[in-house]
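So you can see what is in the structure, the chains are spelled out below.
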Amino acid sequence: MIKKLELHWQIIICMVFGTVLGSYFNQINFTNNGLYTFIILLGDIFVRLLKMVIVPLIFTSIIIGISSIKDQSKIGRLGLKTFVYYMCTSLFAILIGLTLANVIQPGVGAVTIDQVGAFDTSKLSTSNSILDILKRMIPTNPIGALAKGDILGVIFFALFFGVMMNFSPSDSRSTIKNIIKSIYDIILKMTQVIIKCAPIGVLGLMTKTVSNTGLSIFKELGMYALTIGLGLSIHLFIVLPLIIFIFMRVNPIIHFKAIATAMVTAFSTSSSSATLPVTMKCVNENVKASNETTSFVLPMGATINMDGTALYECAGVLFIAQALGIQLDAGQQFIVVITALLASVGAAGIPSAGLVMLFIVTDAVGLKSDAVALWVGSMLAIDRPLDMFRTMVNITSDSVGAAVIAKSEGEKLY
Ligand code: ASP
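Everything in this summary refers to the structure shown in the same document.

### Overview of the overall build of the protein chain
Piece 1. Within the protein chain one finds 20 helices and 0 strands.
Piece 2. Taken over C-alpha atoms, the radius of gyration comes to 21 Å for the protein chain, in line with the 22 Å a tight globule of 414 residues would show.
Piece 3. Summarising its shape, the C-alpha atoms of the protein chain cover approximately 70 × 55 × 45 Å along the three principal directions.
Piece 4. Considering the protein chain as a whole, with its 414 residues, one finds that 54% of them fall into the buried category.
Piece 5. In the protein chain, the share of contacts with a sequence separation of at least 24, taken over all contacts with a separation of at least 6, comes to 84%.

### Quick notes on the packing of aromatic side chains
Piece 1. A full pass over the atoms with the stated rule returns 9 aromatic pairs.
Piece 2. On the numbers, 6.4 Å between centres and 50 degrees between planes, the contact of F59 with F161 is tilted. Placement of the pair is F59 in helix 2 (residues 34–67) and F161 in helix 7 (residues 151–165), with a sequence separation of 102 residues.
Piece 3. Taking relative accessible area as the criterion, F161 reaches 30% and is therefore assigned partly exposed.
Piece 4. For the pair Y85 and Y86, a centre-to-centre distance of 5.8 Å together with 65 degrees between the ring planes defines the contact as edge-to-face.
Piece 5. Taking relative accessible area as the criterion, Y85 reaches 10% and is therefore assigned buried.
Piece 6. Linked through ring pairs, Y24, F25 and Y36 together constitute an aromatic cluster.
Piece 7. Over the aromatic face of F245 sits the side chain of R249, whose NZ or CZ is 5.1 Å from the ring centroid.
Piece 8. Above the ring of Y312, the side-chain terminus of R390 is found at 3.9 Å from the ring centroid.

### Some thoughts on the site of the ligand
Piece 1. Near the ligand, the surroundings consist of 16 residues, among which S272, T309, G354, D387 and R390 are the closest.
Piece 2. S270 places a polar main-chain atom, nitrogen or oxygen, 2.9 Å from a nitrogen atom of the ligand.
Piece 3. The side chain of N394 places a nitrogen or oxygen atom 2.9 Å from an oxygen atom of the ligand.
Piece 4. Compared with its free state, where it exposes 270 Å², the ligand has 100% of that area covered by protein.
Piece 5. When residues of the shell around the ligand are assigned to their parent elements, the largest contribution, 4 residues, is made by helix 20 (residues 383–408).
Piece 6. Looking at the shell around the ligand, its residues break down into 5 nonpolar, 9 polar and 2 charged.

### Comments concerning unusual backbone geometry
Piece 1. In this structure, R249 is a non-glycine residue whose phi angle is positive, near 55 degrees.
Piece 2. Along the chain, the position of R249 falls in the loop between helix 11 (222–248) and helix 12 (252–258).

### Considerations on the nonpolar core
Piece 1. Counting residues in hydrophobic clusters, the biggest one holds 124 residues, and the most contacted among them are I58, Y85, Y224, L236 and M379.
Piece 2. Not counting the four nearest positions on each side in its chain, L236 is found in contact with P241, F256, M263, F389, M392, V393 and T396.
Piece 3. In this structure, L21, F30, I39 and L203 belong to the second largest nonpolar core, which totals 8 residues.

Conventions we followed
Residues numbered from 1 in each chain as written. Predicted model: local features only at pLDDT ≥ 70, side-chain atom pairs only at ≥ 80, totals over all residues. Heavy atoms only, no water. Helix = DSSP H or I, 4+ residues; strand = E, 2+ residues; numbered from the N terminus. Rg over C-alpha atoms; globule rule 2.2 N^0.38 Å. Buried < 20%, exposed > 50% of the residue type's maximum accessible area, 1.4 Å probe, protein only. Contact = heavy atoms within 4.5 Å. Phe/Tyr/Trp six-rings, centres within 6.5 Å; stacked < 30°, edge-to-face > 60°. Lys NZ or Arg CZ within 6 Å of the ring centre and 35° of its normal. Near = heavy atom within 4 Å. Polar contact = N/O pair within 3.5 Å; in protein donor to acceptor, adjacent residues only side chain to side chain. Areas by Shrake-Rupley, 256 points an atom, 1.4 Å probe, with all protein chains shown as cover. Nonpolar A, V, L, I, M, F, W, Y, C, P; charged D, E, K, R; others polar. Core = buried A, V, L, I, M, F, W, Y, C linked by side-chain atoms within 4.5 Å.

Right under this line is the structure:
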């Protein structure tokens, strides 16, 4: 009977089931349990399968997308619109985070670190600076970037390759284009099969997450979690629906229904990149945006457009400052806003990438003591559920961006 349900319902049911199983395993000594090992293996296999198709999918879809744009000026126009949309929505999200953190003041009177329990922060590492991130976008070895799954590098190379393909002699152009198009079609078919396995994979992922997350620490950092949760909800349920309504003149529920499978996949994988194949399929088939637009806007969105992460960077750093008893003045808060935006652009679309990027923002306002690292470590303990939520917001904003841009190009949607 469950097979008759739409895919996102199947996933939601498995999610609930995984939560129940996870809490059961959390009560018992689950690590030696054979059933537990088997169930989480299913989740791991699902994520590996998704990751397997990401690089070839991004690479081929961007090249096909770019090279099929006949009108060269359209590439620049699409690029500019995409960039402006992404920066504006992320900035909006940051302002929500900033306002809530100042009004709720979650860090004021937060428990001391000793009570929370410090976590090993040695595992957390971050790139040195924003300039470093920009530099890393250009791969010195494109094959190496493909092999390592360096998404920004792959995007840069594929964009360049796609644009230049339009200027190459037509014989060689059509040969290479046919080959890349065939690979793209096959990868898409593979993606469809993998997505059908999502309910089972999600069952494994939820079981693993819930069995590992203790609830007591959640209580200690409750106000912080609440602030982030509230901010993400405002962005997801008020700001993005307003954008959908204003630009597309449709009921936002129609859009949410169209991308429901991608939303639940983002929630359970905590990875925008791993969700990308699903997002592309939903926006293409259900929102009915053209291949040209989706293959240009979405791969970029999965890496550089992270509204949820941007909001979290800003509110998270204000929380740390408040917990340390440091009052950030207006100028410092402005720096937080700008660096939170850049950190969200630089964060990879993988679990907890946003948490690691917090150090860029704390550094920028001179919060450098060991206590900062200890607070980030404590935040790591409850990061998973927040990460799931912000990843869902991230990919929802990507999909809204694709729809807005498709509409502005005169496409007929939904
Ligand atoms: N997990 C998020 C994503 O993939 C990034 C983050 O940690 O905020 O979109």
